[in-house]
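Observations on the three-dimensional arrangement
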Amino acid sequence: MDSLSSTFIATTTHFQFQHWNPKPPKKNSKISLKSRVRPDPWSLSDGSDITKPKPRSKNRKRPLSDDNARRILKAKAQYLSVLRRNQGPTAATPKWIKRTPEQMVKYLEDDRNGHLYGKHVVAAIKAVRAMDGSRNVRVVMGSFVGKLSFREMCVVLKEQKGWRQATEFFAWMKLQLSYRPCVVAYTILLRLYGQVGKIKLAEQTFLEMLEAGCEPDEIACGTMLCTYARWGNHKAMLTFYSAVKERGIVPSTAVFNFMLSSLHKKSYHRKVIDLWRQMMDKGVAPTDFTYTLVISSFVKGSLLEEALKTFNEMKSTGFAPEEVTYSQLISLSIKHGKSDEALSLYKDMRSRGLIPSNYTCASLLSLYYKNENYSKALSLFSEMEKFKVAADEVIYGLLIRIYGKLGLYEDAQKTFAETEQLGLLSDEKTYLAMAQVHLTSRNVEKALDVIELMKSRNMWLSRFAYIVMLQCYVMKEDLGSAEGTFQTLAKTGLPDAGSCNDMLNLYIKLDLTEKAKGFIAHIRKDQVDFDEELYRSVMKIYCKEGMVTDAEQFVEEMGKNGSLKDSKFIQTFCKILHGGCTENAEFGDKFVASNQLDLMALGLMLSLYLTDDNFSKREKILKLLLHTAGGSSVVSQLICKFIRDGMRLTFKFLMKLGYILDDEVTASLIGSYGKHQKLKEAQDVFKAATVSCKPGKLVLRSMIDAYAKCGKAEDVYLLYKEATAQGCALDAVAISILVNTLTNHGKHEQAEIIIHNSFQDNLDLDTVAYNTCIKAMLGAGKLHFAASIYERML
């Protein structure tokens, strides 16, 4: 190949000069027409001698030697033409032409009878084909010397099936007087060598053609390119194509298609795209086959924009895309998150009457599953049944997941069983999909049974299988099996963040704090790639245990994770600890106003400093929030959360910060003090909340509940009387607490008064309040009143 390309390129200047820059003839030189004009060896003769001028139309034609010959031949030609026409639009009808009387006589002597070749040409073809290597071609062709014209020898060469016979005949052909070096003969031999994969012989023949002075044309170069492409010799093909370009030769569309197809089969998609762009630069018109190949290569290279652009060009040119082209574009659009584009392509495909393949259906089902559009997914499955599109294992797996998301666990189980009955159950993803459905339904044992079924069938368990297995053991709270599965998972590589988070949550759930701390240190040492959920779980443990130093170091690590730079949780930690715990109010205003606060992160920080009793940092964080826009509402939510979690935040500390308690915080504080039997503190909070305004329903309810928990029935009734005197309304929960407390302390009359007043004021009581009132009156012996309360409730 190197010698061929170098010789081909080296002769470029010589042949291009010969071809494109002929020397102009001298004025006095006589150039015969015969020397300048050669008949095309591949076109039929029109029966005229090119050295003689054509007779004028007014002259009478000479009579035929046989008056009946032309009529018979014309009728035969018409008959054959009708036969070929009936074969369809692809049938090739030969061009029937006029012949001189001498040509007609020769035609009849050859006994062609409408055949393309004469008897002597047919005999020569058969003689050469019959050579088996034991006979010399000169002996076989001895009787044909001087009888075959150059064109007829080319016909004999063209009709050969074996490359050896063709090689020997071509050697004999070159010794004949009628032979002249011609690119046509060499091209015939090149095509034959290319068909049988004799690339070395083809290259030698091409070099011989160059040495013989034959200028290679588009067909000869295209034949060599197709030879390289057919046998996968892509490096030589591209090298030869570079040489062809340097000679200014542009291959045909068919040759480009051959090269593109060969490169595409070997997945050289980048080279396909480069060749396609060169083809467009040369202005070669592509076919539908060209577009299909190139779009496929764009898809394989994940170049969605270029693929869609080429696809639109294909449609605008008038070519109809195939289903596989639509399928590839739909799949790539889904991968790039272009859901609307994928659905538009599917709609266009259906409008053209194309039936989707199971691969297309699988892509769309995965899109619907991802977008939680389960109704369309089930509708698509109905369409598949309508068009008799066979569902494969991937589709059944997606259906199992969809049924699991919809809570249709029995349907998922039936689909899994149907997949097994059809003999399609072979991929672990289908097994694991069913196991995850069982996990979603909290049926751990069935999920583990599916995994055991995989093991019994000697299926190789992937990392994902161990991850699902770990989730099963974590949900089952089987610590030993979970730790063993995690160790096996760790042997396949660094554990994923989700699995680490599952293990950590299991330790927290089982109250194994020391093991959790050791596990965190281990995964941090192994440099596991943390996600936001794992960061949250680790920070919960650090803050709960008051590990300030570890927490602050961990925050620095979180800040270095560039993939989580947009996480509110992480940014709240980083900015508050490294820039927010100052008196810089401007920073706080911008930070809170930018909506970057994460409630959980702030709560963890405050709980960390509450556990550590670090009053200064706790105060700075709260001051920062209280002095920024919207910070008070955040503080209220945090305080309520702390009180629910049992953490101490005193009323005096909040008042010292200048924080104005809202009803929710006041109620939470009163409830917390009442729970811990600290009635004096609860009364102080209630008094501070009711100095300037009437107490709200939530605050009243909390104070009534605090009195009740402290066993102060008299105070409960006095608070009720004061509230009603001020026109404060009580809710159903407060009435229920009042009646129940008074009844438990034997104050049935006061309880009856509260019930009567509630009915008189038409308070909207719930079922619990009515039941409490009925129970209280039954305990007081007021049977008729209890019955009337029941009737009122109904």
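Note that the coordinates shown come from a computational prediction; the quantities given were computed from them, not determined experimentally. (Residues numbered from 1 in each chain as written. Predicted model: local features only at pLDDT ≥ 70, side-chain atom pairs only at ≥ 80, totals over all residues. Heavy atoms only, no water.)

Within the protein, the secondary structure is distributed over 45 helices and zero strands. For the protein, buried positions account for 44% of its 794 residues. Pairs at least 24 apart in sequence give 64% of the contacts found in the protein among residues at least 6 apart. As presented, the protein carries roughly 43,300 Å² of accessible surface, and 51% of it is formed by carbon and sulfur atoms. (Helix = DSSP H or I, 4+ residues; strand = E, 2+ residues; numbered from the N terminus. Buried < 20%, exposed > 50% of the residue type's maximum accessible area, 1.4 Å probe, protein only. Contact = heavy atoms within 4.5 Å. Areas by Shrake-Rupley, 256 points an atom, 1.4 Å probe, with all protein chains shown as cover.)

Once that is clear, we can look at unusual backbone geometry. If you check the backbone angles, Ser302 has positive phi at about 60° while not being a glycine. Within the fold, Ser302 resides in the loop between helix H16 (288-300) and helix H17 (304-317). What makes Ser302 partly exposed here is its relative accessible area of 37%. With a phi angle near 60°, Glu477 is a residue other than glycine that sits in the positive phi range. Within the element layout of this structure, Glu477 appears in the loop between helix H26 (463-476) and helix H27 (479-491).

Within this structure's numbering, the places UniProt gives as "repeat: PPR" (unreviewed entry) are residues 182-216, 217-251, 252-286, 287-321, 322-356, 357-391, 392-426 and 531-565. Secondary structure content for residues 182-216 is 77% helix and 0% strand, and the end C-alpha separation is 10 Å. The span residues 531-565 shows a helical share of 71% and a strand share of 0%, and its end C-alpha atoms are spaced 11 Å apart. (UniProt positions renumbered as here; feature names shortened; annotations may be inferred.)

Attention shifts here to helix H42 (residues 732-744). Between the first and last C-alpha of H42 there are 18 Å, a value that for 13 residues agrees with the 18 Å anticipated at 1.5 Å per step. Here H42 has its buried residues at Ala732, Ala734, Ile735, Ser736, Ile737, Leu738, Val739, Thr741, Leu742 and Thr743. Lining the buried residues of H42 we find helix H40 (697-709), helix H41 (713-725), helix H43 (748-760) and helix H44 (767-779). One or two steps after H42, the chain reaches Gly746, where phi turns positive at roughly 75°. (Expected span 1.5 Å × (residues − 1).)

Attention now goes to the pattern of salt bridges. Oppositely charged side chains can pair when the atoms bearing their charge come close. Evaluation of the coordinates by the stated rule reveals 13 salt bridges. When the shortest N-O distance is used, the salt bridge between Arg247 and Glu215 registers 3.2 Å. Of this pair, Arg247 sits in the loop between helix H13 (234-246) and helix H14 (253-265) while Glu215 sits in the loop between helix H11 (199-211) and helix H12 (218-230), and the two are 32 residues apart along the sequence. Each of the salt bridges in this network shares a partner with another, and the network as a whole consists of Lys315, Asp348 and Arg352. (Salt bridge = Lys/Arg side-chain N within 4 Å of Asp/Glu carboxyl O.)

The N-to-C vectors of H41 and H42 enclose an angle of 140°; their axes lie 9 Å apart at closest approach. Classified by chirality, the crossing of H42 by H41 is left-handed. Taken together, the residues of H42 that come into contact with H41 (itself represented by Ala713, Val716, Tyr717 and Tyr720) are Leu738, Thr741 and Leu742. Residues of the contact of H41 with H42, tallied by class, amount to six nonpolar, one polar and no charged. (Axes fitted to C-alpha atoms, helices over the stretch in contact; angles between N-to-C directions. Left-handed = near helix turned anticlockwise from the far one by under 90°. Nonpolar A, V, L, I, M, F, W, Y, C, P; charged D, E, K, R; others polar.)

Time to look at the side chain of Thr419. Its place among the elements puts Thr419 in helix H23 (residues 409-421). Discounting residues that sit within four places of it in the chain, Thr419 has contacts with Glu393, Tyr396, Leu424 and Leu425.

With that settled, consider the environment of Ala433. With respect to the helices and strands, Ala433 occurs in helix H24 (residues 428-440). By relative accessible area, Ala433 is classed as buried at 2%. Sequence separation of Ala433 and Leu398 is 35 residues, and the distance between their C-alpha atoms is 8.1 Å. Beyond its immediate stretch of four places on either side in the chain, Ala433 contacts Gly397, Ile400 and Arg401.

This brings us to the nonpolar core. Core analysis: the largest hydrophobic core is formed by 171 residues, its most contacted members being Met141, Met173 and Met539. Setting aside residues up to four positions removed in sequence, Met141 forms contacts with Ala124, Val128, Leu148, Phe169 and Trp172. If you look at the next biggest cluster of nonpolar residues, it comprises 43 residues, including Val716, Ile735, Leu742 and Ile754. (Core = buried A, V, L, I, M, F, W, Y, C linked by side-chain atoms within 4.5 Å.)

Once that is clear, we can look at helix H19 (residues 339-351). End to end, H19 covers 18 Å across 13 residues, agreeing with the expected 18 Å (1.5 Å per residue, within 8%). Of the residues making up H19, those classed as buried are Ser339, Ala342, Leu345, Tyr346, Asp348 and Met349. Structurally, H19 contributes buried residues whose contacts are with H17, helix H18 (323-335), helix H20 (358-370) and helix H21 (374-386). One or two positions beyond H19, positive phi appears at Gly353, with a value near 80°.

Right, let's talk about the packing of aromatic side chains for a bit. Under the counting rule described, the total for this entry stands at 18 aromatic pairs. When the ring of Phe170 is compared with that of Tyr186, the centres are 5.2 Å apart and the planes differ by 70°; the resulting orientation is edge-to-face. Note that Phe170 is positioned in helix H9 (residues 163-173) and Tyr186 in helix H10 (residues 183-196), a separation of 16 residues in sequence. Residues Phe170 and Tyr186 agree in their burial class; the two are buried. Put simply, the rings of Phe150, Phe170, Tyr179 and Tyr186 touch in pairs and so form one group of aromatic residues. The ring of Tyr268 carries the charged tip of Lys271 above its face, separated from the ring centre by 4.9 Å. (Phe/Tyr/Trp six-rings, centres within 6.5 Å; stacked < 30°, edge-to-face > 60°. Lys NZ or Arg CZ within 6 Å of the ring centre and 35° of its normal.)

With that settled, consider the state of the cysteines. Simply put, disulfide is the name for a covalent bond between the sulfur atoms of two cysteines. One pass over the structure, following the stated rule, counts zero disulfides. A disulfide-free cysteine, Cys182 has its sulfur positioned 6.3 Å from the sulfur of Cys154, the nearest such atom. Exposure remark for Cys182: the relative accessible area of 13% places this residue in the buried category. (Disulfide = S-S within 2.5 Å.)

The next thing to look at is a negative patch on the surface. Together, Glu305, Glu306, Asp340 and Glu341 make up a region of like negative charge exposed at the surface. Looking at the negative patch, the elements that each hand over two or more residues are H17 and H19. For Glu305, a relative accessible area of 54% corresponds to the exposed category. (Patch = residues over 30% accessible without salt bridge, like charges linked within 9 Å, V, L, I, M, F, W, Y side chains within 5 Å. Lys, Arg positive; Asp, Glu negative; His and termini not counted. Charge placed at Lys NZ, Arg CZ, Asp CG, Glu CD.)

This next bit is on the confidence of the model for the protein. Looking at the protein, the pLDDT average stands at 78 and 76% of residues meet or exceed 70. Here residues 12-50 is a poorly scored stretch, pLDDT under 50, and it has 32 contacts once near neighbours within four places are set aside; other chains count. Overall, residues 580-594 carries pLDDT values under 50, and its contacts beyond four positions in sequence, including any with other chains, amount to 22 contacts. (pLDDT = per-residue confidence, 0-100.)

In this section: the packing of helix H8 (residues 150-158) against H10. At a minimum axis distance of 10 Å, the contact between H8 and H10 shows a crossing angle of 5°. It follows that H8 is roughly parallel to H10 by the angle criterion. Between H8 and H10, the residues in contact are Cys154, Leu157 and Lys158 and Ala185, Ile188 and Leu189, respectively. (Parallel < 35°, antiparallel > 145°, perpendicular 65-115°, else oblique.)

Bringing the environment of Ile735 into the picture now. Along the chain, Ile735 falls in helix H42. Given a relative accessible area of 0%, Ile735 falls into the buried group. Measuring from C-alpha to C-alpha, the distance between Ile735 and Ile754 comes to 7.7 Å, with 19 residues separating the pair along the chain. The contacts of Ile735, once residues within four sequence positions are left out, are Leu730, Ile754, Ser758, Leu763 and Leu765.

Here Thr317 is to be found in helix H17. Among the residues examined, Thr317 registers a relative accessible area of 45% and is labelled partly exposed. Residues Thr317 and Pro286, 31 residues apart in the sequence, show an inter-C-alpha distance of 9.6 Å.

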